[in-house]
Amino acid sequence: MVNKKITYILVGVAAVASMAIANPTPEFRGIYNTAPATKWEDAFVSGNGDSGIMVYGGALDDTIVFNHHTFIRPKGLVHLPPDMTPVLGAMRDKMLAGDIPGGWLDYYNYAMAKGMNSLEDSQIFHPGFHLKIQHPEEGAVENYRHVCNYETGEVIVSWDDRRGSWSRKSFVSRDQDWIVTLIEKSTGAALDVTLSLEKAIHHPGGFLVETPNSAQFLNFRCRYNTIDGKQGGYEGVTRVILNGGTSLVDGSNHLRVSGANSVLLITKLARYKDDYQGWDAQTLQAELKSISKNYDQLLADHTAIHSEMYNRVSYDVGGSEVDRARPVAQLVAN
């Protein structure tokens, strides 16, 4: 994943794309594709250092993976390493002189002598969950674009079909640590969409998962196994805000929205280290209920921080105008 994402970043800084039309604009800073990702390594990402999303970008059937830096599977008692500063200098000198195995072995033997039992694996990071977004089919999908706008941190999916023009925009807020998605349809018939939560791929097995959804909130709750007498867990709560239309939870625990003009989704993630029942206080629901701003207002609060950070740096790999207009998959393939 790391190598592929670095490739995307290097290519993307030089790439130029339009968010919804075929003609790129030189002012745009980001990457785009003409087909959705088929695996998580190729999903477009947005994040703020704490929370993050990976957007596959399917027009009628999309998957958004939710991540948080604290979503780490507990493994029980962790042995703290001894103070290794007395031997760092000697290890460095030996390695710089060309004896890398010897430097490492001296370091290892010192650690064993100071009470370290063995080398230990770190606790394992895991993704949180998937949000599935599904639209009914109505004619062929045309003019498809999957865009990652580095300057705003937005991931945008847009397309046309027999009903008109569609767009789905997402970003991870830097000012409030909210994950925001807007589904809208600017022309034609009203919007119908089905929303559901499910375990992410590579989700740790054996843990109890619940999704107590309602017409106003989608909830994903995971309870870890008891470790050292403590049972932690994590959750993600998504507030569903309709502009027109109706919603209901069906027999499959999916939220079905019918006849809406737009749907705004705002998500908050949390990890409970000692007691998974922290979700019973519904702190996240209360925070999300207090939000009164629309997508554009939330984006403006975020970009005031994010865009300033991004534009502190410029980087040019000397790409031609032809290459700057290519979709990222073609650039990576080349």
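Anyway, here's the lowdown on the structure attached to this text. (Residues numbered from 1 in each chain as written. Predicted model: local features only at pLDDT ≥ 70, side-chain atom pairs only at ≥ 80, totals over all residues. Heavy atoms only, no water.)

### Side note on the overall build of the protein chain
Reasoning step 1: Tallying secondary structure elements over the protein chain gives seven helices and 18 strands in all.
Reasoning step 2: The buried share among the 334 residues of the protein chain stands at 45%.
Reasoning step 3: Pairs at least 24 residues apart make up 63% of the contacts formed inside the protein chain by residues separated by at least 6 positions.
Reasoning step 4: Approximately 16,600 Å² of the protein chain is accessible, and the part contributed by carbon and sulfur atoms is 52%. (Helix = DSSP H or I, 4+ residues; strand = E, 2+ residues; numbered from the N terminus. Buried < 20%, exposed > 50% of the residue type's maximum accessible area, 1.4 Å probe, protein only. Contact = heavy atoms within 4.5 Å. Areas by Shrake-Rupley, 256 points an atom, 1.4 Å probe, with all protein chains shown as cover.)

### Let's talk about the sheet that holds strand E12 (residues 191–198)
Reasoning step 1: In spatial order, the strands read E2-E3-E4-E7-E12-E17-E16; together these seven strands make up an open sheet with antiparallel pairing. This sheet does not close on itself; its edge strands, each paired only once, are strand E2 (44–47) and strand E16 (246–249). Across the sheet, the mean angle separating the axes of adjacent strands is 20 degrees when strand polarity is ignored.
Reasoning step 2: By the bridge criterion, five bridges tie strand E3 (residues 51–55) to strand E4 (residues 61–68) in an arrangement that is antiparallel. Residue pairing for E4: Met54 is matched across the bridge by Val65. (Pairing = 2+ DSSP bridges. Axes fitted to C-alpha atoms, helices over the stretch in contact; angles between N-to-C directions.)

### Some thoughts on the nonpolar core
Reasoning step 1: Membership of the largest hydrophobic core comes to 40 residues, with the highest contact counts inside it found for Phe66, Leu131, Ile183, Val193, Leu195 and Val263.
Reasoning step 2: Per-element accounting of this core gives the leading share, four residues, to E12.
Reasoning step 3: With sequence-adjacent residues up to four places away left out, Leu131 is seen in contact with Asp62, Thr63, Ile64, Phe66, Leu195, Ser196, Leu197, Leu218 and Leu265.
Reasoning step 4: Grouped together as the second largest cluster of nonpolar side chains are 18 residues, Trp178, Leu288, Ile291 and Leu298 included. (Core = buried A, V, L, I, M, F, W, Y, C linked by side-chain atoms within 4.5 Å.)

### Focus on the packing of aromatic side chains
Reasoning step 1: For the structure on display, the rule yields twelve aromatic pairs.
Reasoning step 2: Aromatic pair Phe71 and Tyr234: ring centres 4.3 Å apart, planes at 35 degrees, arrangement tilted. Note that Phe71 is positioned in the loop between E4 and strand E5 (72–73) and Tyr234 in strand E15 (residues 233–243), a separation of 163 residues in sequence. In this pair, the class of Phe71 matches that of Tyr234, namely buried.
Reasoning step 3: Arranged with centres 5.9 Å apart and planes meeting at 45 degrees, the rings of Tyr224 and Tyr234 form a pair that is tilted. (Phe/Tyr/Trp six-rings, centres within 6.5 Å; stacked < 30°, edge-to-face > 60°.)

### Thoughts on the pattern of salt bridges
Reasoning step 1: Applying the stated criterion across every chain, the model contains 16 salt bridges.
Reasoning step 2: With its nearest N and O atoms 3.0 Å apart, the salt bridge here joins Arg168 to Asp62. In this pair, Arg168 is assigned in strand E10 (residues 164–172) and Asp62 in strand E4, connecting sequence segments 106 residues apart.
Reasoning step 3: Residue Arg168 is classed as buried on the basis of its relative accessible area, which comes to 2%.
Reasoning step 4: Its relative accessible area of 0% is what places Asp62 among the buried residues.
Reasoning step 5: The shortest N-O distance in the salt bridge between Lys293 and Asp301 comes to 2.6 Å.
Reasoning step 6: Look at Lys293 and you get partly exposed, because its relative accessible area is 38%.
Reasoning step 7: Counted as one network, the salt bridges with shared partners bring together Asp177, Lys268 and Glu287. (Salt bridge = Lys/Arg side-chain N within 4 Å of Asp/Glu carboxyl O.)

### Notes on the environment of His203
Reasoning step 1: Inspection of the secondary structure assignment puts His203 in the loop between E12 and strand E13 (208–210).
Reasoning step 2: When the C-alpha atoms of His203 and Gly128 are compared, they prove to be 7.3 Å apart, with 75 residues separating the residues in sequence.
Reasoning step 3: In this structure His203 touches Pro127, Gly128, Val209, Phe220, Cys222 and Tyr234, once residues within four positions along its chain are discounted.

### Notes on the environment of Glu308
Reasoning step 1: As for its placement among the helices and strands, Glu308 is situated in helix H5 (residues 295–310).
Reasoning step 2: The spacing of Glu308 and Thr152 is 156 residues in sequence and 9.5 Å in space, taken between C-alpha atoms.

### Some words on H5
Reasoning step 1: For H5, which comprises 16 residues, the first-to-last C-alpha distance of 21 Å matches the rise-based estimate of 22 Å (1.5 Å per residue) to within 8%.
Reasoning step 2: The largest bend in H5 is about 40 degrees, located at Thr303.
Reasoning step 3: Of the positions making up H5, those classed as buried are Tyr295, Leu298, Leu299, His302, Thr303, His306 and Ser307.
Reasoning step 4: Where the residues of H5 are buried, they touch strand E9 (154–161), E10, strand E11 (179–185) and strand E18 (262–272).
Reasoning step 5: Capping the start of H5 is the job of one residue whose side-chain oxygen sits 3.2 Å from the backbone nitrogen of Asp296: Asn294. (Expected span 1.5 Å × (residues − 1). Bend = angle between axes of the 7 residues up to and from the residue. Polar contact = N/O pair within 3.5 Å; in protein donor to acceptor, adjacent residues only side chain to side chain.)

None of the figures reported here should be taken as evidence of function without further support.
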